[in-house]
Amino acid sequence: MKEELIKREGIKEVRHTFENVMDNNAKNTKELYSVLKKELDTNEHLSNDFREIIQKEIEAYEKALDKSTSEEERKLIYNKLEKLVEEAKKKYDDNMINNKELRENAIKIDEDNRKFNWGIAVNFGVGVLATIGVLSIGAKGYDVAKNYIEKNKF
C-alpha cells in the first residue's frame, strides 16, 4: 500500500514537473518574441525617421539644384545627393542585417532554453521513476541503489 502511494505521488510529481516545463517554455517564448517584436518595431521606426530626414535633404538639394547657376554648384549638389543616397542604402542594409541577427539570436535563445528545460525535466523524471522502481523492489532494491551510488560516488 505504501509503495502504491509512493508510485502515485512520484508520477504526479513527474507530470507536474513536465507541465511546469511546458508552461515555462511557452512563457519564455512569448516574452522573447515580444521583446524581439518591440526591437524590430523600434528599428523600423528609426528607419522611417531616417528615410524622412534623407527625403527632406534630397528635396532641399533638388531646390538648390534648380536655383544653381554655375556648373560647379550643380556638380557639388549632385555629389551631395549621391552621398545621401549611399548613406541611405548603407543604413537600410545595416538595419536589415541587424534585424536578421536579432531574429536568429532570438530563435537560438529560444531553442537553447527549450533544450535546457527539457533536459532538466527528463533527468528529474528519470530520477523520480528510478526512485519509485527502487522503492517498489523494497529493501533489496535499496541496497542495490545504495551500492551503485557509493560505487559511482554520486
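Please refer to the structure higher up on the page.
This report concerns the structure included in the present document. (Residues numbered from 1 in each chain as written. Predicted model: local features only at pLDDT ≥ 70, side-chain atom pairs only at ≥ 80, totals over all residues. Heavy atoms only, no water.)

Turning to the packing of aromatic side chains, a few remarks are in order. Under the defined criterion, the tally for this structure stands at zero aromatic pairs. In this structure, K91 is placed above the aromatic ring of F50, and the distance from its NZ or CZ to the ring centre is 5.7 Å. (Phe/Tyr/Trp six-rings, centres within 6.5 Å; stacked < 30°, edge-to-face > 60°. Lys NZ or Arg CZ within 6 Å of the ring centre and 35° of its normal.)

What follows concerns the nonpolar core. I54, I58, I77, L81 and L84 together form the largest nonpolar core, which totals five residues. Among the secondary structure elements, those contributing two or more residues to this core are helix 1 (2–67) and helix 2 (71–137). When residues of this core are assigned to their parent elements, the largest contribution, three residues, is made by helix 2. Dropping the residues within four chain positions of it, L84 is found in contact with I54, E57, I58 and Y61. (Core = buried A, V, L, I, M, F, W, Y, C linked by side-chain atoms within 4.5 Å. Buried < 20%, exposed > 50% of the residue type's maximum accessible area, 1.4 Å probe, protein only. Helix = DSSP H or I, 4+ residues; strand = E, 2+ residues; numbered from the N terminus. Contact = heavy atoms within 4.5 Å.)

Further remarks concern the pattern of salt bridges. The full count for this structure, using the stated rule, is six salt bridges. Here K90 and D94 are joined by a salt bridge, their closest N and O atoms 2.8 Å apart. Remark: D94 and K90 occur in helix 2; sequence separation between them is four residues, near one turn of the helix. With a relative accessible area of 37%, D94 lands in the partly exposed category. Measuring nitrogen to oxygen at the nearest pair gives 3.9 Å for the salt bridge that ties E104 to K100. Taken as a pair, E104 and K100 lie in helix 2 at a separation of four residues, close to a single helical turn. (Salt bridge = Lys/Arg side-chain N within 4 Å of Asp/Glu carboxyl O.)

This part takes up the environment of N99. For N99, the location among the structural elements is in helix 2. Looking at N99, the relative accessible area reads 10%, which means it is buried. Considering only alpha carbons, one finds N99 and E39, 60 residues apart in sequence, at a separation of 8.5 Å. The contact partners of N99, leaving out residues within four places of it in the chain, are L40 and N43.

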